[in-house]
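# Notes for the structure review
Chain residues, written in single-letter form:
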Amino acid sequence: MKLRYRGAEYDYEPTPVDMAETGITGQYRGRTFNFAYPRHIPVPQPTGDYKYRGVTYHRTANGTIEPVSAPVAAPATPAVQTPTGVTYRSVAASRHALMQEVAGKHRENIHRRLQHRLEVARAKGDQLLINELEREMQYTAR
């Protein structure tokens with residue numbers, strides 16, 4: 001097929017695609033049609049010996065993978081320690097405890113700030129603000 005794009009002419013030969021029927025039919029605007037999908041076209045796989053995470057394997061021309069040798073079981077590793085000799089589990093536990101402590105301090109600060117605002121509202125005699133702050137104190141006390 002001869003085509004032209006911005007004055008340049010070229011021959012276009014679309015790649016033929018072998019379609020397989022699915023047996024499923026549909027209807028669109030009154031016309032019936034059959035669904036089809038392209039058949040799988042095998043793509044050649046590279047062959048050779050490869051290594052992934054310490055395991056050596058061989059890929060064949062048809063794409064199958066064959067182990068080169070039986071994997072050797074690695075010895076059990078002890079708990080990983082930091083340079084100071086602390087295990088990661090104890091670090092995680094101490095981090096959790098620290099987060100709990102920070103959350104407690106945060107709640108204390110909110111309560112103290114609300115208490116101060118309530119004292120100022122009582123000194124001014126603003127009953128609407130006093131009621132609002134008391135409800136907020138009840139909400140944060142939970």
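From a predicted model like this one, the values you see are computed outputs, not experimental measurements.

This paragraph deals with the sheet that holds strand β5 (residues 48-52). What the three strands build is an open sheet, ordered β5-β6-β7; its pairing is antiparallel. The outermost strands of the open sheet, each flanked by one partner alone, are β5 and β7 (65-67). Each strand of the sheet is rotated relative to its neighbour by a mean of 35°, with strand direction disregarded. Of the pairings in the sheet, the one linking β5 to strand β6 (residues 55-59) comprises five bridges and is antiparallel in character. Its bridge partner being in β6, Asp 49 is matched across the sheet by His 58.

Let us look at unusual backbone geometry. Phi is positive for Arg 29, close to 50°, though the residue is something other than glycine. Assignment of secondary structure puts Arg 29 in the loop between β3 (19-28) and β4 (31-38).

What the rule picks out here adds up to two aromatic pairs. Ring geometry for Phe 33 and Phe 35: centres 5.2 Å apart, planes at 65°, overall edge-to-face. For Phe 33, a relative accessible area of 35% corresponds to the partly exposed category. Relative accessible area serves as the criterion here: at 39%, Phe 35 is assigned to the partly exposed category.

Calculation criteria
Residues numbered from 1 in each chain as written. Predicted model: local features only at pLDDT ≥ 70, side-chain atom pairs only at ≥ 80, totals over all residues. Heavy atoms only, no water. Pairing = 2+ DSSP bridges. Helix = DSSP H or I, 4+ residues; strand = E, 2+ residues; numbered from the N terminus. Axes fitted to C-alpha atoms, helices over the stretch in contact; angles between N-to-C directions. Phe/Tyr/Trp six-rings, centres within 6.5 Å; stacked < 30°, edge-to-face > 60°. Buried < 20%, exposed > 50% of the residue type's maximum accessible area, 1.4 Å probe, protein only.

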